[in-house]
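Close look at the chain arrangement
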Amino acid sequence: MQAERDISYADVNRDVVRSLVETGSKYYITLAISVSVMLACFFAPWFYQLQYGIGAAGMNHPTVWGTYLASFIFWIGLSHSGTLLSCVLHITNSSWRKAMYRSAEAMTLFSLMVAVTMVMVHLGRPWFIHWAVPYPNQMELWPNFRSPLMFDVMAITTYLTGSTIFIYMGTIPDFAAVRDRTTGWRHHMYVLLSLGWRGTDTEWHRLGWAYTFLAVLIIPLAVSVHSIVSWDFALSIVPALHQTIFAPYFVVGAIYSGTAGIVTVMFVLRKYMNFEHYITKLHFDNLGKLLLVLSLIWTYINVLEIFTGWYSGTSTEYEAIRYKLFGYYAPLYWEMILFCAVAPLLMISKRFRTSFVPMLILSIAINIGMYTERFLIVATSLSRQYLPDAWGIYVPSLVEISIMVGSLAMFVTLFLIFVKIFPSISIYEIKETLPEPEPKTQSESGAPEWQPTL
Amino acid sequence: MSFINDFLASWREYRRPGYYEKFDYAWTMSIDLDRCTGCEACVTACQAENNLPIVGEDEFAKGREMQWIRIERYWEGEYPNVKLGFIPMLCQHCDAAPCETVCPVSATYHNQDGLNAQIYNRCIGTRSCAVYCPYEVRYFNYNNHHWDAPLDEQLNPDVSVREKGVMEKCTFCIQRIRQAKDQAKDDGRRRVRDGEVQPACVQTCPAEALVFGDRNDAESQVSQSMNHPRAYHVLEELNTDPSVVYLKKVGSNAG
Amino acid sequence: MSSIDRRDFLKLVGAGGVGTGAGFMLRESIKHPTQHLIPYVIPPEEFSPGIATWYNTVCSMCSAGCGISVRTREGRAKKIEGNPAHPVSQGRLCVRGQAGLHTLYNPDRLTGPLLRAGEGKPGELIPITWDEGISQLAERLNVLRDDGQGNRICFLSKGVRGHLAELFELFVDQLGSSRLLHYDFAHPQTLYAAIDRLFGETHLPYYDLKNTRFLLSFGADYLGSWISPVHHGLGFGHSRQGRDGIRGRFVQIEPRMSLSGAAADEWIAANPGTEGILALGIGNYIVSQGGYQGSDREEWAASLAAYSVESVATQTGVPAATIARLAETFADTQPSLAIGGGAAGNYSNGVDTLVAVNALNYLVGNLGREGGLVFNPEPVVGRGANASQATYSTMLDLAQDARQGEIEILILNQTNPVFTLPEAAEFREALAEIPLIVSLSSFMDETTSMADLILPSHTYLESWGDDFPEPGVGFSVGAISQPVVSPLYDTRATGDIILGLARELGLTDALPWSDMEEYLQESWQGIYARGSTEAEGFEAFWTDVLKAGVWGETTRRVAPASVNASVIESVGVEAPVFSGSSDNYPFIFHPYLSNTLNDGRDANLPWMQEVPDPLTSVVYGSWVELNPTTASEMGLTEGDVVEVESPHGKVAAPVYVYPAIMPNVIAMPIGQGHDEYGRYANGRGVNPIQILSPQMESETGGLAWASTRVRLTPTGQRIDLVKTGGVSRDLGREIIQTTESDTDGGETASLHSIPITVIPT
Ligand SMILES: Nc1nc2c(c(=O)[nH]1)N[C@H]1C(S)=C(S)[C@@H](COP(=O)(O)OP(=O)(O)OC[C@H]3O[C@@H](n4cnc5c(=O)[nH]c(N)nc54)[C@H](O)[C@@H]3O)O[C@H]1N2
Ligand SMILES: Nc1nc2c(c(=O)[nH]1)N[C@H]1C(S)=C(S)[C@@H](COP(=O)(O)OP(=O)(O)OC[C@H]3O[C@@H](n4cnc5c(=O)[nH]c(N)nc54)[C@H](O)[C@@H]3O)O[C@H]1N2
Ligand code: SF4
Ligand code: SF4
Ligand code: SF4
Ligand code: SF4
Ligand code: SF4
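Because the structure is a prediction, the values reported are computed rather than measured.

**Things to note about the packing of aromatic side chains**
All names here are of chain A. Counted according to the given criterion, the structure contains 67 aromatic pairs over all chains. Between phenylalanine 175 and tyrosine 190 the ring centres are 5.7 Å apart and the planes differ by 35°, which places this aromatic pair in the tilted class. You can see phenylalanine 175 sitting in helix α5 (residues 148-179) and its partner tyrosine 190 sitting in helix α6 (residues 184-193), a full 15 residues away along the chain. Judged by centre distance (6.0 Å) and plane angle (50°), the ring pair of phenylalanine 307 and tryptophan 310 falls under tilted. Placement of the pair is phenylalanine 307 and tryptophan 310 together in helix α9 (residues 281-312), with a separation of three residues, close to one helical turn.

**Overview of the site of ligand 4**
Around ligand 4, 13 residues are found, and the nearest of them are B:Cys91, B:Gln92, B:Cys94, B:Cys99 and B:Cys133. Class assignment of the residues belonging to the shell around ligand 4 gives a composition of eight nonpolar, three polar and two charged.

**Some words on the side chain of B:Asp32**
Inspection of the secondary structure assignment puts B:Asp32 in strand β1 (residues 27-32). Among the residues examined, B:Asp32 registers a relative accessible area of 5% and is labelled buried. Within polar-contact distance, the side chain of B:Asp32 engages the side chain of B:Arg230 at 3.0 Å. Sequence-distant contacts of B:Asp32, that is, excluding residues within four places in its chain, are made with B:Ala209, B:Arg230, B:Leu247, B:Lys248 and C:Gln241.

**Quick word on the interface of chain B and chain C**
In this complex, chain B contributes 90 residues to the contact, which on the side of chain C involves 102 residues. Applying the counting criterion to the chain B and chain C interface returns 10 salt bridges. Residue B:Glu153 pairs with C:Arg76 through a salt bridge whose shortest N-O separation is 3.0 Å. Here the side of chain B that touches chain C takes seven residues from helix α2 (residues 41-49) of chain B, the largest share from any one element. Its residues assigned to classes, the side of chain B that touches chain C shows 41 nonpolar, 24 polar and 25 charged.

**What to know about the sheet that holds strand β19 (residues 551-552) of chain C**
All names here are of chain C. On the basis of which strands lie adjacent, the open sheet formed by three strands has the order β17-β18-β19 and antiparallel pairing. Two strands in the sheet have a free side with no partner beyond their single neighbour: β17 (465-467) and β19. Alignment of β17 against strand β18 (residues 477-481), held across three bridges, turns out to be antiparallel. Residue glycine 465 lies in a different strand from β18, and its bridge partner there is serine 481. The strands that helix α19 (residues 516-529) touches are β17, β18 and β19; relative to β17, the one it contacts most, it runs at about 40°.

Here is what the cut-offs are and how they apply
Residues numbered from 1 in each chain as written. Chains lettered and ligands numbered in written order. Predicted model: local features only at pLDDT ≥ 70, side-chain atom pairs only at ≥ 80, totals over all residues. Heavy atoms only, no water. Phe/Tyr/Trp six-rings, centres within 6.5 Å; stacked < 30°, edge-to-face > 60°. Helix = DSSP H or I, 4+ residues; strand = E, 2+ residues; numbered from the N terminus. Near = heavy atom within 4 Å. Nonpolar A, V, L, I, M, F, W, Y, C, P; charged D, E, K, R; others polar. Buried < 20%, exposed > 50% of the residue type's maximum accessible area, 1.4 Å probe, protein only. Polar contact = N/O pair within 3.5 Å; in protein donor to acceptor, adjacent residues only side chain to side chain. Contact = heavy atoms within 4.5 Å. Salt bridge = Lys/Arg side-chain N within 4 Å of Asp/Glu carboxyl O. Pairing = 2+ DSSP bridges. Axes fitted to C-alpha atoms, helices over the stretch in contact; angles between N-to-C directions.

What follows is the structure, given as structure tokens:
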């Protein structure tokens, strides 16, 4: 990739380091706002809910799951594109990845963290959440390994661990670069973070090998995580949830909303971190193409879902689909179709894909639609199961809506902290795309084969 | 690798049909829909026996009633040729219970008497079991319930009071089963006699629509019900293998 | 489960009840009540902590008189169950019987005597001692008694039977008053009148549902609210599926499907008030087709001539073919049984209707036989439940007397006429004229709130008493009601209050007993003397009865299987009179007794507020039932609040679209609409009794509570009904499955043979 204007290695160093050390009042104000929103909208109502019980939310019999679980899937979904996309692009040598992958991976990390807190919020007795973790104990009580929720615990823990290592490992050379350009406490922090990176060939070699290895490992992991999340639903026998297509449906949905999330984050970084030169139209164009493909696959699966429901001819499946399309929650369904299936068709046009603001709006719309999708999966299916006399309706409570908003603030807060600690675009990989400042002789051992291809 | 073989062997054993039948008892309830009048006596009897809370009008309106057995009603036809059927719905104590597989902490499990048991203390409140249960008979404690004094004096000391965040449901009045077993043991008997255990709902039913007993005992009244030509399972197609058997209503021609 | 007939019964009595219960053990604890309010640190001898003690006693939640066993632990009542030895309940209980513990442990109970301070009714109620209360009341009573003005004292009780009723009679008589009245909204006085006219019987017969093969019920909600729901439930279950190869058939005739209508094999809506005409049409068919061959056949034929099937079909709206079919089945299926009650007995022509219905039993030979109508023996104690019952017109007279200052003192015992009489009776206003109102109620209620002196009674689970179910079960049954827990509060058993007053008034010659228990022990000597026991000596007999929870005689009365000859020619049912013109008030109003709240007396029990109404699943409120066609014509859907207006008032409640009600009838449950009945009842729903027209049944003077016309006005408001039901249609999911075959003999079902998927080994 070629940056839009001629930039030198020094420019990159300067720009990135500046984004870490020069903190304007705007940043602090934003941080203050997001922290307060997080406290007021997430922690305060959650505290109330812990005192009162899950009854603070709107869930009921038969809709015992609600927005908390929808948010959980949403955040897990959002987490998908980051690391997954980064890995895919890494092993397919897509150079345009380099400017954006770090923040995309951060997105993964933070969405996963928010997702885990959503599980806490969802539980009736979160103070006993450790019981879902297999640890040796005096009572010899183990979790139930047959439970898809148990699979979830495993999968998410693994994915979180993998993603954390992946992003951290990829940042080590940059930590070192920043370490060498900072002073004071920052310097000490980066000394620790860079793990004594010196930039030797052996180090580069090992890093490259490990990085590629992890990238290959994480792809199936990411696919499996969302498949497993889908099994929370699909392994039940609830009409409209008990579907084989759910795993691919969830994976595609996850990548779809994740990619849209990346577009949003790219926009913000570009605009507010002054990365105009690194994040360019090219990125939006490529992401737009990807989004378009994903939206088509997603739409296809939705159509399949309706078709199989209709074709099944059983009262339960048919009713579940009918209710989704025309029942109480129908306006939400059609909103979702508009945002996730119809509006993305605009991206057929290159002009649209390369316009920043329209792409921002669309990416936000897609994620609103995708949130709606998760909500509908829970709400429409649970409220219409096998016994019609037990049907009911569920409306989220204020506490739930507030927590939903608060969780977004939590994500933003985490991200704001991240951008001040992690170089949010990869210094060394950007440099690889620039013309080298002066001809440089190759080291004796010869350039590691993998490196020039990066 | 021998441990894998061991694992597979026990897995197969576990999935073998009739797995539960090797246990001493297989508690079963039969519900004769031709007798049930929908009077709701069973509902209140269960509430009294099992310390079910009064949730209050507001919570009830939100759909958070606590009634381990409920009467569902289904209308057929239009006025004047209209019929109303009642069906008591309670935990079916499925032998292939979907609720049991999903619980991450094994708070709900199958006990050796074939009951779908619920350990309140172990439950972390994921509510997944309620989603997985096709009969919608699992009730969640959305908050801590409270009994206006002295209504609390009525609480049954043999049954615990559940706290917020915990799932609960019909236990087949396990405290009464225990008591009957203890009694049998004290009397030097190996087995509980048919009719000796009567859950609260069965006990009160004025029309004697409910019968409870052990289907491993071929002579028991429920065994007869199981073999009755009118016997069926609700949502049989789901293969949950319930321990509650319904006897079909007899729909006679007019006149 | 065993069901009991009189042959089994003897074996059970004396063999002991379910537990070790014996109320006499509690005698000591009653004397020192407060001791046992504390959890036992050192338990009394008879208790083992952790081990339940069962006491047999009698349910008083309605007038059926079921025998119950109460499970107690550490001195607290935990659970009520039916007493298996009692022939009425046979171990079973209805929903209200289960909720008795919420009466006992109700947080809104009155905890001690209260006196209204200061002059005038709005004065505050202040706590006083029992001695003060009793002596002040005795003083006032004494003044009137001494002046020979005893008749200015009125004693108004809920329906009470057995020795307590006797005690009331003795007491009121000693006061020199003739004003002893029992008042219950739902007392079947028209049935009493009809049975009296038809058979010359002053007591109700026993309807043997258990052994019948075909039941024709005209409006009687025998499974929900009529006379003895638990016993009828047992009978229903047995008749349906308790006999090899025989399945009883049930037909229900009523304008709005009740619980019994839902259970029936066939539900038929006849025009309201024409149930009797329909019965006569059936009678006409039976007689004219030769189904009746008695010697008075000609007389019957003559008096039924006016009720040809065709004309009856026009009047009732029931097709002629249906009438003929019902008549044929009724005559051909032996034994069959016709019963009538509920709304059918409470139109202006109620007695005539019930005479017509019961006459059917005569025509097909159902009298005095198994599965038919069996005459009960004379009551063992007292003059029977109908003897002192006040009708609506008696209550109007009472109100009139009160307004004219002829009532000086009114003593109320657990009855709430301000709630259960229509506004049109102006009873509240009349009460305001009475200088001294004393209430013995255990709860504050609409009537008690007007009292000047409140001497609260124990609940039935804390007091001694006895009960002789009426109608019985074809033979004499009695049971002693014993305290199962020590009294919670500073209250007293009603009998003890009366005896206390008697002592204070110096009436110890007529009422010499120190307390209710002593009185009962003495009175039961008389029952012991009847000789129907194997017990040696009275003490043993008494203990046996307490243990078994029931006493009985198995001799059945041989009664003539005939009707009063004079009735035959007068048989006939006038068209019903409805109050309000059909132009202004297009709908016939059908209030009905709630399965859970009874006539409103159980509205203060949280369990009863929270148990769904069986037919609609609504809880915690009132609703107006409308036929779907009517509703759609008026553009109403569930939750639309409508005003129901009669010529005598209006109430507003949300609509419930009810699939089984006639298009020109609207129904409302009775029970809600309290404003002085404690935290669980107050401010919920409305009381449909309020708007009833003071239309009376022509013969008894009872309130014809099914004879009001109303109109509906949408208010434009909407509220969400609180209910459990989602969509009450099964959408082809075969949740409730049916079969055509009545009996066994088909293929044997083989459940539990569906293989769980096997992983091949
Ligand atoms: N001050 C004082 N100390 C003593 C003694 C004494 O008499 N006085 N006695 C000593 C003796 S002999 C003993 S045995 C020990 C007993 O000491 P502990 O074992 O501590 O006994 P408790 O305090 O009775 O109960 C412990 C907790 O268990 C909870 N609990 C009740 N039921 C259940 C249940 O079903 N499941 C679970 N998970 N928890 C439940 C209770 O609410 C309580 O919080 O104390 C010893 N220490
Ligand atoms: N309600 C309730 N009941 C309980 C329990 C509970 O938690 N709640 N806990 C249960 C448990 S775990 C236990 S261990 C038991 C304990 O029950 P107990 O064994 O009854 O225990 P204590 O009441 O502590 O003491 C018994 C008596 O021993 C006397 N004593 C003290 N020292 C001596 C001595 O040196 N010699 C002699 N001869 N007597 C002595 C004391 O004065 C006392 O009277 O209670 C059980 N019961
Ligand atoms: S108590 Fe018996 S008859 Fe009444 S609703 Fe329950 S099962 Fe049916
Ligand atoms: S009925 Fe529901 S709760 Fe009961 S065992 Fe079956 S699946 Fe579990
Ligand atoms: S709610 Fe409780 S019992 Fe149900 S699945 Fe969750 S932890 Fe298990
Ligand atoms: S068996 Fe026991 S717990 Fe279950 S519904 Fe009946 S009374 Fe309730
Ligand atoms: S019918 Fe019900 S309320 Fe009436 S006495 Fe019997 S159990 Fe009690």
